[in-house]
Amino acid sequence: MADAIAPPSLDIDPYSTDVLLDPYPFHETLRDAGPVAHVAAHDVYAVGRYDEAVAVFTDHRRFSTTGGIGLADARKPGASFRPLNALLEVDPPDHTALRSVVNKVLSPAAVRQWRVDMQRDAEALVDALLDRREVDAVTDMAEAYVFKVFVDAVGVRFDRDAILAIGDMSFNQSGPQNALYHRAMARAQPYLAWFEESQQRHNVAPGGIAEKFFLAEDAGEVQPGIASNLVRTFVRGGMDSTIAGLGSTLLHLASAHGQWDWLRANPQKVRAAFEEGTRMETPFQTTYRVTMCDTELGGIALEADRKIAIFIGAANRDPRRWPDPDRFDLRRQTVGHLAFGTGDHNCIGQMIARLEAECLLAALLARVRAIEPAGAPVWRPVNQMRTLDRLPLRLVPL
Ligand code: HEM
């Protein structure tokens, strides 16, 4: 620690629209600056290299989520902050206790039932889309599918405009109060009461994940009020992320030479596509921790009580970890990618997201000889997320 040096300072705003639409030049600058940098525009530390990202993810004693996983520090007086997330923004041991209750709800038996439903819904969706040949893979496939199967699995009310607005709010709220933030907050305003109401017990469907959270609350396994907080977390965290990952995966399958053909020849590798798609275009681009003490990382001195950003998308393309990182390659060993985080807070819904992707891609593989770009993809600028706005594709049936 005595020899640790101050972090180099970067003069680029990672939340500018240019960077959000094409984050990769900034990621390279961040990684090349050193193990940790200081982002002057927001006065936060940032890591973009793989090893340091893992180090921050896996050491809650030094790098805690209790200041919130967004840019603002929830502990600071006057910080504008949504209610803290009962699972994600809590350290062990409280986190461990709640996580084990949620894990029980996401049991293997529940997953088996979802698989049956998700396969059926994926086949029906792809059959219907094949009649049209040209589709927007964002709205017609990724959104249509997730809005059906995930909403059914959780057992919550659904209103498309409301859910899109709430998602836009959630993933812009984690960044600075820039134009994207203000636009998203205004868009969500008319739906906030609806959203709050949808998390209440009398509005959840019998048999779904949401109801199981309320049953755990009845049984005294979690504190009163936690069930609706968990429902909110699942709805906010589980849909846009999966839609983003599916869209990016379809983009690369359609545009990376020979990859769809390889997958058709190796359909048992269908899961590899979503892994590589989410590594390449990491849906949650950033998350934050707060430093709990004066410390050191990679020879860089860090002060206590400061926010530190993990640029997950940068770590997932770090050439120190990934050979030829900018290439979409279904044969790649993707184990260890960080799209779902790692450590205590690693994504608890990842098997649901993976199952959704597997069912949708398998239904496509069984029916579609080729998927081809039918126009330019359009990225959507969102403070925390890498996601497509439009993805015109042509589906060529078998
Ligand atoms: C492609 C889809 C998804 C991606 C990329 C993703 C990504 C992530 C990441 C990066 C984290 C860790 C955040 C951190 O440590 O700061 C996380 C945590 C979490 N995710 Fe996901 N997620 C996805 C889908 C889902 C789904 C479908 C659900 C719900 C079923 C979900 C629920 C959660 C929850 C509750 C946590 C917090 C876990 C904890 O604190 O113990 N996610 N996710």
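Anything mentioned here points back to the structure above.
Residues numbered from 1 in each chain as written. Predicted model: local features only at pLDDT ≥ 70, side-chain atom pairs only at ≥ 80, totals over all residues. Heavy atoms only, no water.

A few words on the overall build of the protein. For the protein, the count of helices and strands is 16 helices and 13 strands. If one aligns the C-alpha atoms of the protein with their principal axes, the spans along those axes are about 65 × 50 × 40 Å. Looking at the 398 residues of the protein, the share that counts as buried comes to 58%. Summarising the internal contacts of the protein: among those between residues at least 6 apart in sequence, 72% fall at separations of at least 24. Summed over all atoms, the accessible surface of the protein reaches about 16200 Å², with 52% contributed by carbon and sulfur. (Helix = DSSP H or I, 4+ residues; strand = E, 2+ residues; numbered from the N terminus. Buried < 20%, exposed > 50% of the residue type's maximum accessible area, 1.4 Å probe, protein only. Contact = heavy atoms within 4.5 Å. Areas by Shrake-Rupley, 256 points an atom, 1.4 Å probe, with all protein chains shown as cover.)

Just one protein atom donates to the iron atom of the ligand; it is C347 (SG), sitting 2.3 Å from the metal. You can see C347 is positioned in the loop between helix 15 (312–315) and helix 16 (350–365). (Donors = N, O, S within 2.8 Å, 3.2 Å for Na, K, Ca; no water.)

Right, let's talk about the sheet that holds strand 13 (residues 392–397) for a bit. Spatial strand order, 5-13-10: three strands in an open sheet with antiparallel pairing. Since the sheet does not close on itself, it has two edges, and those belong to strand 5 (134–136) and strand 10 (368–373), each with one partner. Each adjacent strand pair in this sheet contributes to an overall mean axis angle of 30°, direction not counted. Docked against the sheet, helix 6 (residues 137–154) engages strand 5 and strand 13, running at close to 70° with respect to strand 5. (Pairing = 2+ DSSP bridges. Axes fitted to C-alpha atoms, helices over the stretch in contact; angles between N-to-C directions.)

This brings us to the site of the ligand. Around the ligand sit 29 residues in total, of which H95, R99, T287, H345 and C347 are the nearest. Contact between the ligand and H95: an oxygen atom at 2.6 Å from a side-chain N or O atom of the residue. Here an oxygen atom of the ligand and a side-chain polar atom of T287 are 2.6 Å apart. For the shell around the ligand, the secondary-structure elements that each account for two or more residues are helix 4 (94–105), helix 11 (226–238), helix 12 (240–255), strand 6 (286–291) and helix 16. With four residues, helix 11 is the largest single contributor of residues to the shell around the ligand. Partitioning the shell around the ligand into residue classes produces 15 nonpolar, eleven polar and three charged. (Near = heavy atom within 4 Å. Polar contact = N/O pair within 3.5 Å; in protein donor to acceptor, adjacent residues only side chain to side chain. Nonpolar A, V, L, I, M, F, W, Y, C, P; charged D, E, K, R; others polar.)

Residue P93 is reached from P92 by a cis peptide bond, and omega for that bond is 5°. With phi around 50°, D43 is a residue other than glycine that occupies positive phi space. Using a relative accessible area of 45% as the deciding quantity, one classes D43 as partly exposed. Positive phi, normally seen in glycine, also occurs at D305, with a value near 70°. With respect to the helices, strands and loops of the structure, D305 is situated in the loop between strand 8 (300–302) and strand 9 (307–311).

We now examine the environment of E217. Structurally, E217 is set in helix 10 (residues 209–218). Residues E217 and V101, spaced 116 residues apart in sequence, show a C-alpha to C-alpha distance of 9.9 Å. When sequence neighbours within four positions are dropped, the list of residues in contact with E217 reads V222, Q223, P224, G225, I226, A227 and S228.

Let's shift gears to the environment of A41. Tracing the sequence through the fold places A41 in the loop between strand 2 (37–39) and strand 3 (44–47). Under the relative-accessibility criterion, A41 is labelled partly exposed at 46%. Along the backbone, A41 and D13 are 28 residues apart, and their C-alpha atoms lie at a distance of 5.6 Å.

Further remarks concern the sheet that holds strand 1 (residues 9–10). Across the sheet, six strands lie side by side as 1-2-3-9-6-4; this open sheet has mixed pairing. Either end of the sheet is taken by a strand with one partner, and the two such strands are strand 1 and strand 4 (63–64). As judged from the two bridges shared by strand 1 and strand 2, these two strands associate in the parallel manner. When the bridges of strand 2 are listed, L10 appears paired with V39. Those strands touched by helix 3 (residues 50–57) are strand 3, strand 4, strand 6 and strand 9, and its axis lies near 130° from that of strand 9.

What follows concerns the pattern of salt bridges. On inspection of all chains with the given rule, the structure shows 33 salt bridges. For E358, the salt bridge is made with R115, and the minimal N-O distance between the two is 3.1 Å. Of the two residues, E358 is situated in helix 16 and R115 in helix 5 (residues 108–130); the sequence distance between them amounts to 243 residues. Its relative accessible area of 29% is what places R115 among the partly exposed residues. For the salt bridge of D324 with R327, the shortest nitrogen-to-oxygen distance reads 2.7 Å. Residue D324 is classed as partly exposed on the basis of its relative accessible area of 43%. (Salt bridge = Lys/Arg side-chain N within 4 Å of Asp/Glu carboxyl O.)

For the rest of this paragraph, the subject is helix 14 (residues 270–280). Most of helix 14 sits inside the fold, with ten of its eleven residues counted as buried. Along its buried surface, helix 14 packs onto helix 2 (24–33), helix 12, helix 13 (259–265) and helix 16.

The next subject is helix 11. Under the 1.5 Å per step criterion, the end-to-end length of helix 11 is 17 Å for 13 residues, consistent within 8% with the ideal 18 Å. Of all the 13 residues making up helix 11, twelve are buried; the element is thus mostly covered by neighbouring parts of the structure. The complete set of buried residues in helix 11 reads I226, A227, S228, N229, L230, V231, R232, T233, F234, V235, R236 and G238. Summarising the contacts, the buried residues of helix 11 are in contact with helix 4, helix 6, helix 7 (160–173), helix 9 (192–198), helix 10 and helix 12. (Expected span 1.5 Å × (residues − 1).)

Without other data, these values stay purely geometric and don't point to any function.
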